[in-house]
Amino acid sequence: MSRSAVPLWLAHALRAQRGPVPWSAVTRGVLGCGPLLLAGVLAGRTPLGVLAAIGAMLAGINDRPGSRRASVRRLGVPALAGAVGLLAGTYAGQGLAAVPLTFVLTALGLVAGGISVVGPAASAAGTHLLVGAAIGAGMPAAESGGQQALAFLAGAGWLLLLRLALPTPGALAGDFRFDGEREAVAGVYDAIAALVEAVGGTQATARRAALTAALDHAQDALTGPRLRRYASSAAERRLHARYAAALPLAEAATALFWVGEPVPARAAEGPRRLAAAVRADTAAGPLPAPPVPHTRRPGPRLRRSGRPPHHAAGHSGGGNHPQQHEGRVRYEGQGHEVRLRYEGQGHGGRVRYEEQGHEGRVRYEGQAQVSRPQPASHHPAGTPLAPALRALDDALLCAAEAFDRGDGAQRRLLTRRLGLRGALRAVFGSGGREYGMRVALCFGASAAIAQALHHTRWYGQHQHWYWMPATAVFLVKPDLGPLASRVLCRAAGTVLGALVFAGLAALLPRPAGLIALVALCGALVPVATRHFAALTAVVTVLVLALVMAGGEPQASVSRIGETLLACALVLVVGHLPMPGQRGGGVRARLATAGNAAHAYLAHVLGESGESGESGESGDRAERWALRREAYRTLAEARTAIALAAAELPALARHTAGTDAVADVLERLVDTTTACAVHLDDTGRLTSRHVEQLRDALADLRSQGVEVPPHGRTAVPV
């Protein structure tokens, strides 16, 4: 069967992530669930040990690659939500009858679903809140709700402590506390180099999307929770400075992508060397400059590069800009004399002499201007490619200066601007309402059916009716995957895991064998997260082992039955008609991406007005922040569109055509970036820039997308 003949929902179910084995996460998994269960058994508090192991297991599912600082939010916030849910569910289950309890759980589902649209950490918190509430309401325990919540929180906190304290294997350069940030920033430079290499080829669009993903990952890695507004250590400030130096490089690379003309391979060598320098935590070393056209059209924005006037442009023959002079300089320390350009009025600085590989302090000798022919690029200086290449050259110079400084400057962190007001707007918007209704209906219906079956003794002696609503929670989250794909994977994974455990339970000694099995499954969780069916199988074995270690009988058959019931229920309820327009979550993300794109366009075109020299470094930082938000919200919208398209046709039809809107928005943001680079270089736009801006805005109007009638978005002629 050809790939085009496979339905999207089935193709999504068969797709698995690829990548190296996360050995550090595997190590934490071994030290997480198993030792916690062992400690509970040895202390004679096995139920609390089971809850602690469950907390560590859920935290291990959220333990993804990234920085230690970001892991505090990614692991800590869901753990707190799970403890709150466990506490609320325990007291609600003890004090309420079946019908009022169902209404309480449904209300919690509405709240958890609404907050899940805010972001990944909020979505994980909503999931843990409902899972904790279901466990607390349905699991019989002699301990109080407070003791259970503390045990759950202690298990998750133990895994978070391991995440913060253990060094990453192979991280030998610099402070190991920042190895996640270091790898994320290096990944940005690698993505820039890959995009420059792919410009003009068939892989260019995919590389541009990969650059956006790398920048998003680095931004998350660097902007985790902190006690201070600024980076406190020299190593962290250096990483922030190197991330900031990558932003103009990414902008120039995107402008080259927009032009679409291939560039020489050496243009990507500079970002490659910068990536290696980030990983090794060293200075940049000699950087080859891209072939830059040697003429620049004068314009009002020539001095908007943001570089200090004393900077010496000495890396391998960069562009011959106005205001640059040539003279004799002496390399102090080796006695060599070389010829190079220096910029502005400064008489000293650090330079890099590529041909000989020397580096050091230099002194400008004399004021005479000496002309020397520079190798001209084969690209005409008047085309849009010339400003993009010069922007890449300028960005490499700025990056070399940032890397050569041993300590980064004290600056505010470049964070996203989603505050409390924005989060509430998302929760109560169309996407939050639709998400909340869907989760509440599935969670409440599964809880009601599970309690009815439990009270009619359909389970026999099995008391764990909470498995059905807990299963429904993992299935009904739209941001985690298409409903049909997750139902299929959940059913297959549960059946496989239950059968495997049934065979192992007949052979393993108790409790030692069960504790070893829990430790093994904890180690497999980080690897199994690449596919939902594999993760379900591992978690099924782990949970069944925890239940048996707690003194319950073997429950593989009931686990299979309840999971299949939950899958059928969610599949039916998830496709029921709902009030309002379906696909609200996707449209809400598209609207957010559209607003960010128009804010970015307004800023870029506003800079091109009669503003003189107003666009210094502050305006550039504002522009980079707006560009980051535009690309990031667009990537989030594309992810939501792809997941919605992989639903069954009954649901996928509600978001038909949204991918075309995302394509136009992407074209608008790419063109805006190219305009910003061209305006920096020449102060005016070409007819190609103007036409593509107008075409993109017209296409948005034809798609029914409202274009803000802001005065600054008027495209200049």
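Numbers given for residues are sequential positions, taken from 1 along each chain in its written order. It should be noted that, the model being predicted, local features are given only for residues of pLDDT at least 70 and side-chain atom pairs only at 80 or more, the latter also being counted only at that level, while totals for whole chains, interfaces and linings use all residues. Computation of side-chain values: all heavy atoms of the structure, hydrogens and water removed.

A short note on the overall build of the protein
Note the following rule: For the purposes of this entry, the term helix denotes a DSSP run of H or I that reaches at least four residues, the term strand denotes a run of E that reaches at least two, and both are numbered from the N terminus. To sort residues, take the accessible area from a 1.4 Å probe on protein chains only and compare it with the maximum for the residue type: under 20% means buried, over 50% means exposed, and anything in between is partly exposed. Every residue pair with non-hydrogen atoms within 4.5 Å of one another is taken to be in contact. Per-residue and other accessible areas follow the Shrake-Rupley method at a 1.4 Å probe size, with only the shown protein chains counted as cover for residues.
Across its full length, the protein holds 25 helices and four strands. Of all 717 residues assigned to the protein, the portion counted as buried reaches 54%. Taking the contacts inside the protein whose residues are at least 6 apart along the sequence as the reference set, 80% of them involve residues at least 24 apart. For the protein, the exposed area adds up to about 30,000 Å²; of that, 61% sits on carbon and sulfur atoms.

Side note on the pattern of salt bridges
The cut-off we apply is this: Each salt bridge in this description consists of a side-chain nitrogen of Lys or Arg and a carboxyl oxygen of Asp or Glu lying within 4 Å of one another.
Counted according to the given criterion, the structure contains 24 salt bridges. The salt bridge partner of Arg-272 is Glu-197, with a shortest N-O separation of 3.1 Å. Residue Arg-272 is found in helix α12 (residues 269-280), and its partner Glu-197 is found in helix α9 (residues 179-198); the two are separated by 75 residues along the sequence. Classification of Arg-272 by relative accessible area gives partly exposed; the value is 30%. As a salt-bridge pair, Glu-636 and Arg-589 come within 3.6 Å of each other at their nearest N and O atoms. Of this pair, Glu-636 sits in helix α22 (residues 617-645) while Arg-589 sits in helix α21 (residues 584-607), placing them 47 residues apart in sequence. If you follow the salt bridges from partner to partner, you end up with Glu-183, Asp-190, Glu-197, Arg-272 and Arg-279 in one network.

Section: helix α13 (residues 385-404)
Note the following rule: What a helix is expected to span follows from its residue count: subtract one and scale by 1.5 Å.
The terminal C-alpha atoms of α13 lie 29 Å apart, and with 20 residues this matches the ideal 28 Å at 1.5 Å per residue to within 8%. Taken across its 20 residues, α13 has 17 buried, putting it largely inside the fold.

Considerations on the nonpolar core
Applicable threshold: We call a set of buried Ala, Val, Leu, Ile, Met, Phe, Trp, Tyr and Cys residues a nonpolar core when their side-chain atoms join them within 4.5 Å.
If you look at the biggest cluster of nonpolar residues, it comprises 84 residues, and the most contacted ones within it are Ile-54, Met-57, Leu-58, Ile-135, Phe-501 and Leu-546. Tallying contributions element by element places helix α19 (residues 532-549) first for this core, with 14 residues. Judged by nonpolar contacts, the second largest core, of 56 residues, contains Leu-195, Ala-204, Ala-221 and Val-677.

What to know about the packing of α9 against α12
The line we're drawing: Angles here are taken between N-to-C directions and fall from 0 to 180 degrees, while the axes themselves are lines fitted to C-alpha atoms, restricted in helices to the stretch in contact. For this classification, under 35 degrees means roughly parallel, over 145 means roughly antiparallel, 65 to 115 means roughly perpendicular, and everything else is oblique. Three categories are distinguished: nonpolar for Ala, Val, Leu, Ile, Met, Phe, Trp, Tyr, Cys and Pro, charged for Asp, Glu, Lys and Arg, and polar for the others, with Gly belonging to the last.
At a minimum axis distance of 8 Å, the contact between α9 and α12 shows a crossing angle of 170 degrees. Relative to α12, the element α9 lies roughly antiparallel. Each of Arg-182, Glu-183, Val-185, Ala-186, Gly-187, Tyr-189, Asp-190, Ile-192, Ala-193, Ala-194 and Glu-197 in α9 lies in contact with α12, whose residues at this interface are Pro-271, Arg-272, Leu-274, Ala-275, Val-278 and Arg-279. Its residues assigned to classes, the contact of α9 with α12 shows ten nonpolar, one polar and six charged.

Considerations on the packing of aromatic side chains
Let me state the cut-off plainly: The aromatic pairing rule takes the rings of Phe, Tyr and Trp, using the six-membered ring of Trp, and pairs them if the centres are within 6.5 Å, calling planes under 30 degrees apart stacked, those over 60 edge-to-face and the rest tilted. Whether a charge sits over a ring depends on NZ of Lys or CZ of Arg being within 6 Å of the ring centre and within 35 degrees of the ring normal.
According to the stated counting rule, one finds two aromatic pairs in the structure shown. Aromatic side chains Tyr-189 and Phe-403 sit 5.7 Å apart centroid to centroid with 80 degrees between the ring planes, which places their arrangement in the edge-to-face category. On the criterion of sequence distance, the pair formed by Tyr-189 in helix α9 and Phe-403 in helix α13 is long-range, its members being 214 residues apart. Under the relative-accessibility criterion, Tyr-189 is labelled buried at 0%. An angle of 80 degrees between the planes, with centres 6.2 Å apart, marks the rings of Tyr-466 and Trp-467 as edge-to-face. Directly above the ring of Trp-467 sits Arg-559, whose terminal nitrogen or CZ lies 4.6 Å from the centroid. Taking the ring centre of Trp-258 as reference, the NZ or CZ of Arg-688 above it sits at 4.2 Å.

A closer look at the environment of His-12
The residue His-12 is located in helix α1 (residues 8-14) in this model. Expressed as a C-alpha distance, the spacing of His-12 and Ser-485, which sit 473 residues apart in the sequence, is 6.3 Å. With near-sequence residues (within four places) excluded, His-12 lies in contact with Gly-481, Pro-482, Ser-485, Leu-643 and Ala-646.

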